[in-house]
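# What the coordinates show
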Amino acid sequence: EAGVAQSPRYKIIEKRQSVAFWCNPISGHATLYWYQQILGQGPKLLIQFQNNGVVDDSQLPKDRFSAERLKGVDSTLKIQPAKLEDSAVYLCASSLSPIQDRNSPLHFGNGTRLTVT
Amino acid sequence: DAKTTQPNSMESNEEEPVHLPCNHSTISGTDYIHWYRQLPSQGPEYVIHGLTSNVNNRMASLAIAEDRKSSTLILHRATLRDAAVYYCIFGESTFGDGTTLTVKP
């Protein structure tokens, strides 16, 4: 089984520029998550989708961050404009079961390391 | 907010057992306890999960307290490859800062 794919692996941008990250979850996984992980901290949930609908985006800074999951498969996370404090690793995860079934483990990609200068 | 409490760091000698504790006093009756570990420059990797009964798999064992307010991840014989940050979570996928496990040869 292919894992969760993310690209790019690394990205360096200047503050106030825009950036986008892409995630391809495991085939058949209904639920997709985006996390932000700042160095030395645990992952922080930004947004979760079930199929192509947003279930929870309460932690997403909506003035600059946006995410979509067209057709309930791939997803993109965008930051516009970026700030210095957005420097972090952005992780995508997927799980087989819907949100309501918490028995299903999360499968993570290796993330995109963003550096904002 | 679903929060867990774990020690910041632990050390173990190679080939010895390791017991990693986690407190989750606000867990609800239907929340599963999940454990993940994260190696440098990688995403978190699923280790094990359970609801009420103790669980075993090829990677580890999970011991869950009777009141479900705490659990312990057990690595039966630590190897150098087990050195990682270990996270326990429940509920709405909120990660704490985890436990950094150091394994000494």
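Figured I'd write up the structure that's included with this text. (Residues numbered from 1 in each chain as written. Chains lettered and ligands numbered in written order. Predicted model: local features only at pLDDT ≥ 70, side-chain atom pairs only at ≥ 80, totals over all residues. Heavy atoms only, no water.)

This part covers the packing of aromatic side chains. Enumeration over the complete set of coordinates arrives at 10 aromatic pairs over all chains. Taking 6.4 Å as the distance between ring centres and 40 degrees as the angle between the ring planes, the aromatic pair formed by Phe65(A) and Tyr90(A) counts as tilted. Of this pair, Phe65(A) sits in strand 7 (residues 65–68) while Tyr90(A) sits in strand 9 (residues 88–95); the two residues are 25 residues apart in sequence, bridging distant segments of the chain. For the pair formed by Phe65(A) and Tyr90(A), the shared burial category is buried. Geometrically, the ring pair formed by Tyr87(B) and Phe95(B) is edge-to-face, given 5.4 Å between the ring centres and 80 degrees between the ring planes. Owing to a relative accessible area of 2%, Tyr87(B) belongs among the buried residues under this scheme. Classification of Phe95(B) as buried rests on a relative accessible area of 8%. Joined through ring pairs, the aromatic side chains of Tyr33(A), Tyr35(A), Phe108(A), Tyr36(B), Tyr46(B), Tyr87(B) and Phe95(B) make up one cluster. Note that Arg9(A) overlies the ring of Tyr10(A), its terminal NZ or CZ placed 5.6 Å from the centroid. (Phe/Tyr/Trp six-rings, centres within 6.5 Å; stacked < 30°, edge-to-face > 60°. Helix = DSSP H or I, 4+ residues; strand = E, 2+ residues; numbered from the N terminus. Buried < 20%, exposed > 50% of the residue type's maximum accessible area, 1.4 Å probe, protein only. Lys NZ or Arg CZ within 6 Å of the ring centre and 35° of its normal.)

Next up on the list: the pattern of salt bridges. One pass over the full model with this rule turns up 6 salt bridges over all chains. Asp86(A) serves as the salt-bridge partner of Arg64(A), at 2.5 Å between the closest nitrogen and oxygen. Residue Arg64(A) is located in the loop between strand 6 (53–56) and strand 7, and its partner Asp86(A) is located in the loop between strand 8 (75–79) and strand 9; the two are separated by 22 residues in the primary sequence. Given a relative accessible area of 11%, Arg64(A) falls into the buried group. One salt bridge connects Glu11(B) with Lys104(B), and the closest N-O pair in it is separated by 3.1 Å. (Salt bridge = Lys/Arg side-chain N within 4 Å of Asp/Glu carboxyl O.)

Membership of the largest hydrophobic core comes to 21 residues, with the highest contact counts inside it found for Phe21(A), Trp34(A), Leu46(A), Leu77(A), Ile79(A), Tyr90(A) and Leu114(A). Among the elements of the structure, strand 3 (19–24), strand 4 (31–37), strand 5 (44–50), strand 8, strand 9 and strand 11 (112–116) of chain A are those that each provide at least two residues to this core. The next biggest cluster of nonpolar side chains, apart from the first, holds 20 residues, and it includes Ile27(B), Trp35(B), Ala84(B) and Tyr86(B). (Core = buried A, V, L, I, M, F, W, Y, C linked by side-chain atoms within 4.5 Å.)

Here the focus is the sheet that holds strand 8 of chain A. All names here are of chain A. Here we have 4 strands laid out as an open sheet, ordered 1-3-8-7, and antiparallel in their pairing. Edge strands, defined here as strands with exactly one partner in the open sheet, are strand 1 (5–7) and strand 7. Going from strand to strand, the sheet's axes swing by 15 degrees on average, the running direction of each strand aside. Two strands pair when backbone bridges link them, and strand 1 and strand 3 are joined in this way by 3 bridges, in the antiparallel orientation. When the bridges of strand 3 are listed, Gln-6 appears paired with Cys-23. (Pairing = 2+ DSSP bridges. Axes fitted to C-alpha atoms, helices over the stretch in contact; angles between N-to-C directions.)

All names here are of chain B. Across the sheet, which stays open at both edges, the 5 strands sit in the order 1-9-8-3-4 with mixed pairing between neighbours. Both outer strands of the open sheet, strand 1 (9–13) and strand 4 (45–50), are each paired with one neighbouring strand and no more. Put simply, the sheet's adjacent strands are angled 25 degrees from each other on average, direction ignored. Pairing of strand 8 (residues 84–90) with strand 9 (residues 99–104) involves 3 bridges; the strand directions are antiparallel. Across the sheet, Val-85 pairs through a bridge with Thr-100, a residue of strand 9.

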